[in-house]
Amino acid sequence: MILLTGATGTTGRDIVNELKNAGAGRVRVMVRDAARAGLVREAGFETVEGDFERPETLDAALAGVERALLLTPPSPRTFELQRGFIEAAKRAGVRHVVKLSAIGADASGPEGFGRWHGQAEETLKASGLDWTMLQPNFFMQNLLGQAQQMTASGAIYQATGDGRASMIDTRDIAAVAARALTEEGHAGKSYLLTGPEALSYRDAAERLSAVLGRGIKYVPLTPEQFREGARAQGLPDWLLDALERLNELFASGRAAAVSEDVPRVTGRPARTFDEFARDHVAAFEA
């Protein structure tokens, strides 16, 4: 049996679809709120109540599971929550954990997502369980969260300068995750998951303009402007700090490397930004 966590998020929903289309067999999905699990039920998968914040619920969720996907929501307690899941997986006799990590994961890095995921990676590697690490770059789908703003202002606002990153479509992350959960040969592997080219947000604005047939410009923000705007939206300080670390990674060009892991695992090229834009025209025009 496969256990999925984080299945109601952006990448998680894509993983549900991949496993459904692959005829993955028996899949259980851990959910906090059954009312949000409509996609899971449509896929024919079973659900079980479980919550990373309530570690006493994990043992039942993991009972009888052979392989598990470890995907937690953004939190300053990422390492603590994932460590608790890894310990519960070991108690339950899980054989293989596939962890959705992040590009730049480094246990000794500055405070933020990279450090928290790096700490969790080290814990999983030391657990004695089989493991696979998925380290995706920035999601193309993150731009969907700015679609309404783009429609209103005709602009993308980001604090990444002219830095480039090999952004990835979350559907490609899901395709790799599904294979790691259903095939042999992925244990002990760390996959850097990227798109086929490195783009700046200026490049992304030009590509979107061409696909949508209307002008989208890129407006670079200073870190101070980014923080002021994000705080005005009610984001907590821990998340502001973590997002600033991500912006620095993007701006520095350290996220520009292009990996062949997506085509190597899936047998097909990673989706281009133009493909992503064409597939989501309705969202950008809404």
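See the structure printed just above.
Counting its regular elements, the chain contains 13 helices and nine strands. Summarising its shape, the C-alpha atoms of the chain cover approximately 55 × 35 × 35 Å along the three principal directions. A total of 286 residues make up the chain; the buried ones form 50% of that total. Long-range contacts, defined here as pairs at least 24 residues apart, represent 75% of the contacts in the chain between residues at least 6 apart. As displayed, the chain offers around 12,600 Å² of accessible surface, 48% of which is attributable to carbon and sulfur atoms. Across the chain, the mean location of the 33 positive side-chain charges is 2 Å away from that of the 38 negative side-chain charges.

Another aspect to go through is the packing of aromatic side chains. Inspection of the entire model under this criterion finds nine aromatic pairs. Here the aromatic rings of Phe113 and Trp238 are separated by 6.4 Å at their centres, their planes lie at 80°, and the arrangement is edge-to-face. In this pair, Phe113 sits in helix H5 (residues 113-125) while Trp238 sits in helix H10 (residues 237-252), placing the two residues 125 residues apart along the sequence. The aromatic ring of Phe79 is capped on one face by Arg83, whose charged end is 4.9 Å from the ring centroid.

Turning to the nonpolar core, a few remarks are in order. Across soluble globular proteins, you tend to see nonpolar side chains buried next to one another. Membership of the largest hydrophobic core comes to 31 residues, with the highest contact counts inside it found for Leu4, Leu19, Val29, Phe45, Leu134 and Leu193. The leading source of residues in this core is helix H7 (residues 170-182), at seven residues. Those residues in contact with Leu19, other than ones at most four positions away along the chain, are Leu4, Ala24, Val27, Phe45, Ala178, Leu181 and Thr182. Counting residues in hydrophobic clusters, the runner-up holds 24 residues, among them Ala147, Leu199, Leu249 and Phe276.

Another aspect to go through is the sheet that holds strand E4 (residues 67-70). Pairing is parallel across the open sheet formed by seven strands, whose spatial order is E3-E2-E1-E4-E5-E6-E8. With one partner strand each, in any of the chains shown, strand E3 (46-49) and strand E8 (189-193) form the two edges of the open sheet. The mean angle between the axes of side-by-side strands here comes to 20°, regardless of whether they run parallel or antiparallel. Sheet topology places strand E5 (residues 96-100) next to strand E6 (residues 130-136); five bridges connect them, and they run parallel.

Taken N-terminus to C-terminus, the directions of helix H4 (residues 78-92) and H5 make an angle of 20°; their axes are 8 Å apart at the nearest point. Overall, the two elements H4 and H5 adopt an arrangement that is roughly parallel. Regarding H4 and H5, the two cross each other, and that crossing is right-handed. Between H4, through Thr78, Phe79, Gln82, Arg83 and Ile86, and H5, the contact on the second element is made entirely by Trp116, His117, Gln119, Ala120, Thr123 and Leu124. In the contact of H4 with H5, the residues fall into five nonpolar, five polar and one charged.

Okay, the packing of helix H1 (residues 10-22) against H7 next. Relative to each other, H1 and H7 sit at 55°, their axes nearing to 8 Å. With respect to their mutual orientation, H1 and H7 come out oblique. Here H1 and H7 pass one another in a crossing that is right-handed. Judged by residue contacts, Thr10, Thr11, Asp14, Ile15, Glu18 and Leu19 of H1 engage Thr170, Arg171, Ile173, Ala174, Ala175, Ala177, Ala178, Arg179, Leu181 and Thr182 from H7. Each residue belonging to the contact of H1 with H7 can be placed in one class, and the counts come to eight nonpolar, four polar and four charged.

Moving on, we come to the environment of Leu212. Secondary-structure assignment places Leu212 in helix H8 (residues 201-212). When the C-alpha positions of Leu212 and Gln148 are compared, they lie 14 Å apart, and in sequence the two are 64 residues distant.

The next thing to look at is the environment of Leu100. Relative to the helices and strands, Leu100 resides in strand E5. We classify Leu100 as buried; its relative accessible area is 6%. Residues Leu100 and Thr132, 32 residues apart in the sequence, show an inter-C-alpha distance of 8.6 Å. Excluding its chain neighbours within four sequence positions, the residues that come into contact with Leu100 are Thr11, Leu70, Leu71, His117, Leu134, Pro136 and Ile173.

What follows concerns the side chain of Ser209. Tracing the chain through its elements places Ser209 in helix H8. With a relative accessible area of 18%, Ser209 lands in the buried category. Ignoring anything within four residues of it in the chain, the contact list for Ser209 reads Arg214, Gly215 and Ile216.

Scoring rules and cut-offs
Residues numbered from 1 in each chain as written. Predicted model: local features only at pLDDT ≥ 70, side-chain atom pairs only at ≥ 80, totals over all residues. Heavy atoms only, no water. Helix = DSSP H or I, 4+ residues; strand = E, 2+ residues; numbered from the N terminus. Buried < 20%, exposed > 50% of the residue type's maximum accessible area, 1.4 Å probe, protein only. Contact = heavy atoms within 4.5 Å. Areas by Shrake-Rupley, 256 points an atom, 1.4 Å probe, with all protein chains shown as cover. Lys, Arg positive; Asp, Glu negative; His and termini not counted. Charge placed at Lys NZ, Arg CZ, Asp CG, Glu CD. Phe/Tyr/Trp six-rings, centres within 6.5 Å; stacked < 30°, edge-to-face > 60°. Lys NZ or Arg CZ within 6 Å of the ring centre and 35° of its normal. Core = buried A, V, L, I, M, F, W, Y, C linked by side-chain atoms within 4.5 Å. Pairing = 2+ DSSP bridges. Axes fitted to C-alpha atoms, helices over the stretch in contact; angles between N-to-C directions. Parallel < 35°, antiparallel > 145°, perpendicular 65-115°, else oblique. Left-handed = near helix turned anticlockwise from the far one by under 90°. Nonpolar A, V, L, I, M, F, W, Y, C, P; charged D, E, K, R; others polar.

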